[in-house]
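Single-letter residue listing:
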Amino acid sequence: MLQGLVICNTGSHYTVLTDDGLQLDCRAKGSLRLKGIRSTNPIAVGDRVEVDPRSTTEDDAVCYIRRILPRRNYIIRRASNLSKEVHILGANLDAALLVCTVARPETSTTFIDRFLATAEAYSVPVELVFNKIDDYAEPEQEALEYLLDLYRNIGYRCFATSAVTGEGIEDLGQHMTGRITLVSGHSGVGKSTLINALVPGLHLRTAAISDIHQTGMHTTTYSEMIPLSQGGYLIDSPGIKGFGTIEMDEADASHYFPEIFAMSAHCRFANCTHLHEPDCAVLKAVEEGKIAPTRYNSYLSILGDSKAGKYRPEY
């Protein structure tokens with residue numbers, strides 16, 4: 001058996017970089033898909049796997065992945081249907097970069113918070129990249145400053161970049177050195193243009209924003225790992241329209257909002273859900289402006305997901 005790293009996933013085929021430097025075209029062994037992995041992609045970019053080279057024949061130059069090695073971490077979202085299935089965005093990550101825009105298209109705080117909460121649940125550090133800062137009028141610039149202050153005060157590292165002018169690109173690139181970083185976000189936030197700026201000569205395909213809907217069009221159709229010249233990799237993944245969370249019960253959901261979890265230590269009841277209980281420190285903090293209403297509303301929306309039992313694509 002050979003061991004290696006999954007560096008590309010097209011949905012049915014995988015490219016595995018073996019520990020001795022070979023790139024193998026692989027498929028998942030059928031039995032691997034039947035071991036209770038309720039995922040649209042049981043093998044993800046970033047996975048360490050075992051490959052059986054003996055499965056290759058003269059008629060079939062494809063090797064088979066026999067086993068996924070234990071993951072250090074991973075990040076998932078609920079698949080965009082009514083099933084219980086999930087989609088794994090990436091595995092064994094040092095960080096996930098969520099690329100956001102204040103306008104054209106707007107990345108909602110609900111979307112951002114759902115991504116952050118899920119990453120917290122799966123032990124993936126997240127950093128926020130607010131892109132297209134060259135394109136903002138004064139009110140949009142004020143909104144950007146508000147969001148930067150909001151998330152930095154919570155403890156998240158934030159970058160402000162322009163893939164067009166190059167502002168912030170060098171700092172972001174240096175920060176990614178030596179790490180495996182997933183790059184994610186809505187279609188249209190300039191993800192491919194940003195990656196092109198970080199990796200000169202790559203020339204990923206980009207697309208214009210829809211004038212009618214102010215939304216992006218998908219240009220990346222599969223996930224792949226791209227080496228950085230300064231060391232490390234970034235994982236480019238298809239743009240995502242919505243972010244459905246997995247089930248988070250009332251006892252756990254607040255743990256994935258750092259400022260809510262910290263404030264909950266002062267609630268009267270240890271099992272406070274922060275919905276209606278007396279002497280709830282979280283509700284008081286929201287009233288006093290110590291916790292942003294958008295963050296609290298995002299917390300409520302995740303609780304609503306578990307009750308509704310389905311994915312809500314509008315977020």
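No experiment lies behind these values; they were computed from the predicted model shown. (Residues numbered from 1 in each chain as written. Predicted model: local features only at pLDDT ≥ 70, side-chain atom pairs only at ≥ 80, totals over all residues. Heavy atoms only, no water.)

## Re the overall build of the protein
Rule in force here: The helix and strand labels rest on DSSP assignments: H or I over at least four residues marks a helix, E over at least two residues marks a strand, and numbering proceeds from the N terminus. Contacts are assigned to residue pairs with any non-hydrogen atoms lying within 4.5 Å of each other. What sets the accessible areas is the Shrake-Rupley method with a 1.4 Å probe; for residues, cover comes only from the shown protein chains.
Across its full length, the protein holds 8 helices and 13 strands. The contacts in the protein between residues at least 6 apart in sequence include a share of 64% that link residues at least 24 apart. Accessible surface, the protein: about 14700 Å² in total, of which carbon and sulfur atoms supply 51%.

## Thoughts on the pattern of salt bridges
This is how the line gets drawn: The salt bridge definition used is simple: a Lys or Arg side-chain nitrogen within 4 Å of an Asp or Glu carboxyl oxygen. Partly exposed residues are those whose accessible area sits between 20% and 50% of the maximum for their type, while under 20% is buried and over 50% is exposed, using a 1.4 Å probe and protein chains only.
Counting across every chain of the model gives 13 salt bridges. Residue D135 is joined to R104 by a salt bridge in which the shortest nitrogen-to-oxygen separation is 2.9 Å. With D135 in the loop between β9 (126–130) and α2 (138–154) and R104 in the loop between β8 (95–100) and α1 (109–121), the pair connects residues that are 31 residues apart, well separated along the chain. Look at D135 and you get partly exposed, because its relative accessible area is 35%. Note that E127 is salt-bridged to R179, the shortest N-O span being 3.1 Å. In this pair, E127 is assigned in strand β9 and R179 in the loop between α3 (169–175) and β11 (180–185), connecting sequence segments 52 residues apart. For E127, a relative accessible area of 7% puts it in the buried group. Sharing partners across several salt bridges, the network here consists of R104, D135 and E140.

## A few points about the UniProt feature "binding site: Zn(2+)" (unreviewed entry) in the protein
Worth spelling out the cut-off: UniProt positions are given in the numbering used here, feature names are shortened, and annotations may be inferred rather than shown by experiment.
This chain's UniProt record puts "binding site: Zn(2+)" (unreviewed entry) on C267, C272, H274 and C280. Along the chain, C267 falls in the loop between α6 (258–264) and α7 (281–287). Those residues in contact with C267 that sit more than four places away from it in its chain are C272, H274, D279, C280, A281 and V282. In this fold, C272 is placed in the loop between α6 and α7. Beyond its immediate sequence surroundings of up to four residues, C272 is in contact with C267, E277 and C280.

## Here's the deal with the environment of L24
In this fold, L24 is placed in strand β3 (residues 23–28). What makes L24 buried here is its relative accessible area of 15%. Distance from L24 to C63, taken between C-alpha atoms, is 7.0 Å for residues 39 residues apart in sequence. Contact partners of L24, with chain neighbours within four places excluded, come to L2, Y14, T15, V16, T18, V51 and C63.

## What to know about empty space enclosed by the protein
Let me state the cut-off plainly: Of the two site types, the cavity is a set of points on a 1 Å grid over the protein atoms alone where a 1.4 Å probe fits but cannot get out, and the pocket is an open set with protein on both sides within 12 Å along at least five of seven lines, each lined by residues with an atom within 4 Å of a point. Grid points are joined across faces, edges and corners, and a volume is the space filled by probe spheres set on the points. Gly is put with the polar residues, along with every residue not named as nonpolar or charged; the nonpolar set is Ala, Val, Leu, Ile, Met, Phe, Trp, Tyr, Cys and Pro, and the charged set is Asp, Glu, Lys and Arg. Domain start and stop positions are those given by an automatic or database domain assignment.
Counted according to the given criterion, the structure contains 1 cavity of 30 Å³ or more. The computed volume of the largest cavity comes to approximately 30 Å³. Forming the walls of the largest cavity are N9, N41, A44, V45, H87, I88, L89 and S223. The element contributing the most residues to the lining of the largest cavity is strand β7 (residues 86–91), with 3 residues. Residue composition of the lining of the largest cavity, grouped by class: 4 nonpolar, 4 polar and no charged. Split by domain, the residues of the lining of the largest cavity number at least three in each of domain 1 (2–68) and domain 2 (74–236).

## Structural notes on the nonpolar core
Put simply, the rule reads: Residues grouped as a nonpolar core are buried Ala, Val, Leu, Ile, Met, Phe, Trp, Tyr and Cys residues, joined through side-chain atoms within 4.5 Å.
I75, I112, L128, F130 and Y151 are the most contacted members of the largest nonpolar core, which totals 35 residues. Looking at this core, the elements that each hand over two or more residues are β1 (2–9), β8, α1, β9, α2 and β11. The element that contributes the greatest number of residues to this core is α2, accounting for 6 residues. What I112 contacts, discounting residues up to four positions off in sequence, is L98, C100, T107, L128, F130 and Y151.

## Overview of the packing of aromatic side chains
To keep things clear, this is the line we draw: Aromatic contacts are taken between Phe, Tyr and Trp rings whose centres are within 6.5 Å, Trp giving its six-membered ring; a plane angle under 30 degrees counts as stacked, one over 60 as edge-to-face, and the others as tilted. Put simply, a charge is over a ring when the Lys NZ or the Arg CZ is close to the ring centre, within 6 Å, and near the line of the ring normal, within 35 degrees.
Inspection of the entire model under this criterion finds 3 aromatic pairs. The interplanar angle of 50 degrees and the centroid separation of 4.9 Å between the aromatic rings of Y74 and Y122 together place this pair among those described as tilted. Of the two residues, Y74 sits in strand β6 (residues 74–78) while Y122 sits in the loop between α1 and β9, which places them 48 residues apart along the sequence. Above the face of the Y74 ring, R71 is positioned so that its terminal group lies 5.3 Å from the ring centre.

## Thoughts on unusual backbone geometry
Look at the link from R104 to P105: it is a cis peptide, with omega at 0 degrees. Tracing the sequence through the fold places P105 in the loop between β8 and α1. In this structure, K132 takes a positive phi of about 65 degrees despite not being glycine. Within the element layout of this structure, K132 appears in the loop between β9 and α2.

## Here's the deal with the confidence of the model for the protein
Our working rule: Each residue carries a pLDDT score, the predictor's own confidence in it, on a scale running from 0 to 100.
Across the protein, the average pLDDT comes to 85, with 80% of residues at or above 70. Highest mean pLDDT in the protein belongs to α7 (98); lowest belongs to helix α5 (residues 250–253) (81). When the criterion is pLDDT under 50, residues 207–220 qualifies, and its contacts beyond four places in sequence or with other chains add up to 29 contacts. Here residues 310–315 is a poorly scored stretch, pLDDT under 50, and it has 24 contacts once near neighbours within four places are set aside; other chains count.

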